[in-house]
Every structure is written in structure tokens, then in C-alpha cells.
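A closer look at the structure
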Amino acid sequence: MFRRRHSRAVTALVLGALAVYVLAPVFVVLEYAFAEKWFPSHWWFPQELGWKWFREMFTVGNIMVTIGLSYWIAFWVTMSTLVICVLAGYAMGSRAFRQQSGAATRFMEAFVNIPLAFPAIALGIGLLPVFAQLGLLKSVAGIVLAHMVTAVPYALRSIVGAFLLVPPELEEAARNLGAGRFYTLRRVHLPLVWPGIVGGAVFAFTWSLNEFVLTLLLGYPTVETIPVRIYHYIGGYYLSPNSAAALSLFLLLPTLVFMYLTEKALKAGGVVSVGG
Amino acid sequence: MSARRERLAFVLLVLPLVVFLLFMVMVPFVIAVLSSVGLTQVAPGLPDGFTLRGYRDFFDPEKPNLQALWFTIKITFLSTVLATVLGYGLVLFVKFRRIGLGQTLSLLVKLPLFTPYLVTAFMWWALLFPRGYIGIFVQKVLIEYFRLAEEAPALISDPYGIGIVACSVWMRFPVVFLIMQSLMEMVNPSYEEAARNLGARTPTIIRRVYFPLTIYGLLSSVTLNFLALFIAFSIPFILGASWPQFLSVFIYVNAKDKGDWLMGYTTSVIYIAISLVISYVYTRSLARRTAHV
């Protein structure tokens, strides 16, 4: 009896410690975002909570432009990534193509993963002269391209994984009945692989929303996204953790909600789940 | 459709991807390599003609450049070890306490994975800076109450990388947990039963049954974390000291702030080379893990 109670206490203690460890940083950001008055003498909790920092954020400066631009860039990164990845994902994941071009597919799989091993900063300073030459430096189009570098490998992995799980008999049956390749893609593959495409899109969107180093290097000061503005609140000359915390919620909450909904949707009954 | 037309269709479908990657990854890489040996004039101050001066300077023990590399390796190694101990320890705890990985626990563990890097760095900055909870706790309890030291150590922007390690461990332990948890579930439970019937206790079962069967998974999660932390920028940029610097911050400061593009490009090439070696090790360990389970 004692042993069992002791065992439960240990379990509760460890899981409680885990919850504190994981949630404490999130809690602190929420505190800063909503703390209207917080004197160091009462360091354990703010004296007054409210929306001051959010109000200030919307009235002072051009924060709305920053937020709008971040989401606008993320939208274009997602769209462009999907165009490239659905086409390539179909080629690399469809059984018919894999039978014909197995070696090429394996090469492509390895090639696509290269950007994941590259430090973003190293890539960024290599891109600087290229972008400067092409007039893409400090432009929205340039930042969209830069964000796609990491969005593409992850989105492609998700989409190829989804194509691989489509039963080959379905494609064969459609082709035997005279359907063309495009018709088969539209009527057989796409209805089955949409969860993989949604997974890839969510990843591309959230990745772009959160990308920092390439935006700082290739876009700032003309293109200022939410992460760059947060950095200026805590790394610049004027420290403002409250403003940084309030703005962080515009990154944190959408990311967590998107990820949660995607995971739930994919588990709930997509025929094909996200690969990779 | 003939095999030739099939191949042509394959090429046309992957062409946009190949063009994109060549333009956005391979071109900058080639520019970085050529610039590091003085074969381009893409940035101000690059030498006129072939030279290995950048590499000589980087590996010169008299100069501080190598310190940035050792600091990066040291901090990455320490963070990886701590994240692995925490993640693997938690997996074992959940496994042997027979705690079901319900939705709450699953979401709790995944939360750091879904949190944006920069926000993670900011969260830890807010906890560790002198007016943060941990900063004040250290000051009030360890310094003022227990008098363990004269003054509180800096927990961010410190030369030991305390802030970077604390933040990195929080961010990466879920990777070890999720990989190892799924692998543990794949181990045939009859092995554990047989070991128990023969009188083995839990530590022996972990050491003799689970550890050997999941070692390649552990290796791949360790390598994955090492690579992710090694090439990180946001966390060392926000939480790191002005010196010693993390390699990614060192490149940024050299290129953007000091205008020393030769050192910026040289360090980039070295950085990419080390990262590629680590990712090769990761790919190998992943292949072994797949073959082993």
C-alpha cells in the first residue's frame, strides 16, 4: 500500500517537474505580455495585468505593417513552395515514376536534403552578392525565395511521403481505363495526398513566419518581420521585454494552433499521413 | 507511354526544384568557396587573386578565431549530452512506470519543438536575465541567503554559454524523447518478460535489453540534435556573450559588423564542411537504425 502510494507520488513529482520545466518559459512570456505594472520589489508576480502593451503596439510605430508583412511573406512562401513540391513530390513519390527513374529519385532525395545541413548564416552571406546583383536584396521577393530554402525540403518530404502511400493499383487502374497522367494526378492522387500537402503547407507557413537570420541578413531594414522586430526589443539599445513578449504571441500562438490542428487533422482520418 | 517519355516527364516535374536549389544553395556555396580563396570580388575587402590567407588566419593558434570553433563545439556537445540525458531519462521513466503517452503529456513534450527559435531564445532571456525569475532566484537564494558567492554569475551573455545551454536543452530534449519513445515501443515485450523471468532487475534490463536494441536510434537522435544546435543562430545570437562567440554569430559579426568578408566566407566554408560531415554521420546512423529495428 505504502509502496504504491510512494510510487504514485514519485510519478506525480516527476511529471509535475516536467510540466514546470516546459511551461515556465511560456508562462513568463505571458506574464510580460500582460504585466501593466511589475516592480522588482514584487518580483514574483506583476501588480497589475492588462492590455497596455498590446494597445501600445497597435498605436505606436508601424507594428501592424510588420505583422502584415510577416504573414504576407509566409503566404507567398507557402504558395511557391507548394507549386515546386507538389510537382516534384508527384515525380519522386509516384510508383510509376519511381520504377522508371529510381536512381534519379534517390539522387534527388539526397540533393534536396542538403539545405538542411547548411548553416543559414553561411548560406545567407553566400546569397548576399547574388541578391545584390539581381536587385533582390532587401526586397520581399528575395525574402520569399530565402525562406523557401528550408521550407522546400521539409514540405517535399511530407508530400513525397504522402504520394508513396497511395496504393499503386489505383493509379494502374486509372491508367488502364485510359486516364492521362494529369487526369490521374487530379482525380486519383490529389484527393488522397491532401493531408501530406496540408502538412507541407503548414510547415512552410510557420517556418517562414518564424525565420530570423536570413531576414535580418538579406531583408533588414526594408523588410522587417516579427522575429526581427522582437530582436530589436531585446537585443537593441532600448530593452522592452513587455513589447517583445506581446509581439511574440503573434508568432507563438499561430504556430502552436497550426501545428496542433494539423496533427489532429492528420490523425483523425486522412488516408495518407504526413511522411518524414 | 514509352520509357523515354516517362523520363522526360520526370525531368520536367523536378526541374523547378532543381533550378531553385541550384540557384539558392549551390550558387551561394560556390561563391563562398571561391571568395574564401580570393577568387571573386563580390564583397569589399576581398583579396585580389588566389590566397589561402583566410584559412591560415582561421587556424592560426595566435589568433582568437579557433576559440569560436571550440566554443561552438563545446557548447553544442554539452547541450546535446544534457538534452539526451533528459530525453532518454524521461523515456525510461515513462516506459517503466507504465505511464500512457496521453494527449496532455504528448503535447507537453512537443511544445518546445513547436515553439519558434527566436521566441524560445526570448523566453529563456526573460527567465535568465538579472530581473528574470531564475536570475532573481540565484541572486536572492544562492548569493544573499546561502552566500555561495560574492556576486551572482551572469546567466545570459556569459562567457560560459550558460544561457545557450539552458535554452538549447529545453528546445531539443523532445527530439530524443520522441525518437526513443517510438523505438522503445517497437521492442518486442517478450524480451523484457524473458529477462524478468530470469531474475533481471530494471537497470539490467535497460542496460542489456533496451539499450543495445535502441543504440542506433539514440545515435541518430544525438547526431540530429548536435547538427541542429551546431548550426543554430537565434539562440547564441540572443543569449551568447560578445566573446567567445558561437561560429554562426562569429560569421555574422565578421561579415556585417566588421566588414571582414574574407574571414566571413572562410568561416562559412569551414562551418558548412563540418556540418556536412555531421549530417553524413546522421544519415549513416539513420540507415543503421532502420536496418537494426
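Computed from a predicted model, the values in this text were never measured in an experiment. (Residues numbered from 1 in each chain as written. Chains lettered and ligands numbered in written order. Predicted model: local features only at pLDDT ≥ 70, side-chain atom pairs only at ≥ 80, totals over all residues.)

1. With respect to the overall build of chain A
Operational definition: Secondary structure counts use DSSP, requiring at least four H or I residues in a row for a helix and at least two E residues in a row for a strand, with both numbered from the N terminus. Here the globule rule is a power law, 2.2 Å times the number of residues to the power 0.38, and the radius of gyration is based on C-alpha atoms. Partly exposed residues are those whose C-beta has more than 12 but fewer than 20 other C-beta atoms within 10 Å; 20 or more makes a residue buried and 12 or fewer makes it exposed, with C-beta atoms placed from the backbone. Once C-beta atoms have been placed from the backbone, residue pairs whose C-beta atoms lie within 7 Å are recorded as contacts.
Within chain A, the secondary structure is distributed over 13 helices and 2 strands. The C-alpha atoms of chain A give 24 Å as radius of gyration, which overshoots the globular expectation for 276 residues (19 Å, by more than 25%). Summarising its shape, the C-alpha atoms of chain A cover approximately 75 × 70 × 30 Å along the three principal directions. Sorting the 276 residues of chain A into buried and exposed places 46% on the buried side. In chain A, of all internal contacts separated by at least 6 residues, the share reaching a separation of at least 24 is 77%.

2. What to know about the overall build of chain B
Secondary structure assignment for chain B yields 12 helices and 0 strands. When the helices and strands of chain B are listed from N to C terminus, the series reads α-α-α-α-α-α-α-α-α-α-α-α. Counting only C-alpha atoms and orienting by the principal axes, one finds that chain B spans roughly 80 × 75 × 35 Å. The proportion of buried residues among the 293 residues of chain B is 42%.

3. A word on the domain arrangement of chain A
All names here are of chain A. Worth spelling out the cut-off: Throughout the structure description, domain borders are defined by an automatic or database domain assignment. Polar here means any residue outside two lists: the nonpolar Ala, Val, Leu, Ile, Met, Phe, Trp, Tyr, Cys and Pro, and the charged Asp, Glu, Lys and Arg; Gly therefore counts as polar.
Segmenting chain A into domains produces domain 1 (2-38 + 46-50) and domain 2 (53-269). Averaged C-alpha coordinates put domain 1 and domain 2 at centres separated by 33 Å. Facing 4 residues of domain 1, the contacting portion of domain 2 comprises 7 residues. Considering each element in turn, the side of domain 1 that touches domain 2 owes the most residues, 3 residues, to helix α1 (residues 2-34). Taken together, the residues of the side of domain 1 that touches domain 2 sort by class into 4 nonpolar, no polar and no charged.

4. Quick notes on the nonpolar core
As a rule of thumb, nonpolar side chains are buried together in soluble globular proteins. Convention followed: We define the nonpolar core as any set of buried residues of the types Ala, Val, Leu, Ile, Met, Phe, Trp, Tyr and Cys, connected via C-beta atoms lying within 7 Å of each other.
Ranked by size, the top nonpolar core spans 156 residues in total, and within it Ile159(A), Ala121(B), Phe122(B), Trp124(B), Trp125(B) and Ala126(B) carry the most contacts. Among the elements that line this core, the one with the most residues is helix α8 (residues 140-164) of chain A, at 15 residues. Setting aside residues up to four positions removed in sequence, Ala126(B) forms contacts with Val28(A), Val29(A), Tyr32(A), Pro241(A), Ala245(A) and Gly132(B).

5. Considerations on the interface of chain B and chain A
Each side of the interface is counted separately: chain B has 60 residues, and chain A has 60 residues. Breaking the side of chain B that touches chain A down by element, the ones donating at least two residues are α1 (3-36), α3 (65-96), α4 (103-114), α5 (117-128), α6 (133-145), α10 (234-239), α11 (247-257) and α12 (261-292) of chain B. Sorting elements by how many residues they give to the side of chain B that touches chain A places α1(B) first, with 18 residues. Within the side of chain B that touches chain A, the residues separate by chemical class into 49 nonpolar, 7 polar and 4 charged.

6. Brief notes about the packing of helix α12 (residues 226-235) of chain A against α5(B)
Inclusion rule: Helix axes are fitted to C-alpha atoms over the stretch in contact, other axes to C-alpha atoms as well, and angles between N-to-C directions run from 0 to 180 degrees. With respect to orientation, any angle under 35 degrees is reported as roughly parallel, any angle over 145 as roughly antiparallel, any angle of 65 to 115 as roughly perpendicular, and every other angle as oblique. When the near helix sits turned anticlockwise from the far one by under a right angle, the crossing is termed left-handed; a clockwise turn instead gives a right-handed crossing.
Following both chains from N to C, one finds α12(A) and α5(B) inclined at 20°, their axes separated by 10 Å at the closest point. On the basis of the axis angle, α12(A) is roughly parallel to α5(B). Two packed elements cross with a definite hand, and for α12(A) against α5(B) that hand is left-handed. From α12(A), Pro227(A), Ile230(A), Tyr231(A) and Ile234(A) reach across to α5(B), where they touch Leu118(B), Phe122(B) and Trp125(B). Residue composition of the contact of α12(A) with α5(B), by class: 7 nonpolar, no polar and no charged.

7. Observations concerning the environment of Ala149(B)
Residues and elements named next belong to chain B. Here Ala 149 shows up in the loop between α6 and α7 (162-186). Taking the C-beta count within 10 Å as the criterion, Ala 149 has 10 such neighbours and is therefore assigned exposed. With 10 residues separating them in the primary sequence, Ala 149 and Gln 139 have C-alpha atoms 9.6 Å apart.

8. Looking at unusual backbone geometry
Here the bond from Tyr220(A) into Pro221(A) is cis, since omega is 5°, no more than 30 degrees from zero. Among the secondary structure elements, Pro221(A) is positioned in the loop between α11 (213-218) and α12. Residues other than glycine seldom take positive phi values, yet Arg147(B) does so here, at roughly 50°. Its place among the elements puts Arg147(B) in the loop between α6 and α7.

9. With respect to the confidence of the model for chain A
Note the threshold: A score from 0 to 100, pLDDT tells how confident the predictor is in each residue.
Here chain A averages 87 in pLDDT, and 92% of its residues register 70 or above. At the low end of the mean pLDDT range in chain A sits helix α4 (residues 95-100) of chain A, at 71; at the high end sits α11(A), at 95.

10. As for the packing of α3(B) against helix α9 (residues 202-230) of chain B
Residue and element names in this part refer to chain B. Contact geometry for α3 and α9: axes closest at 9 Å, N-to-C directions at 140°. Overall, the two elements α3 and α9 adopt an arrangement that is oblique. Like other packed secondary-structure pairs, α3 and α9 cross with a definite hand, here right-handed. Where α3 abuts α9, its residues Thr 72, Thr 76, Ser 79, Thr 80, Ala 83, Thr 84, Tyr 88, Leu 92 and Phe 96 lie against Thr 202, Ile 206, Leu 218, Val 222, Asn 225, Phe 226, Leu 229 and Phe 230. When the residues that make up the contact of α3 with α9 are grouped by side-chain class, the tally is 10 nonpolar, 7 polar and no charged.

11. Re the environment of Tyr133(B)
Turning to its location among the elements, Tyr133(B) is positioned in helix α6. For the pair formed by Tyr133(B) and Asp60(B), sequence separation is 73 residues and the distance between their alpha carbons is 42 Å. Discounting residues that sit within four places of it in the chain, Tyr133(B) has contacts with Val28(A) and Leu127(B).

12. A look at the confidence of the model for chain B
When the pLDDT values of chain B are averaged, the result is 91; 98% of them are 70 or greater. Across the predicted assembly, pTM comes out at 0.90 and ipTM at 0.89.

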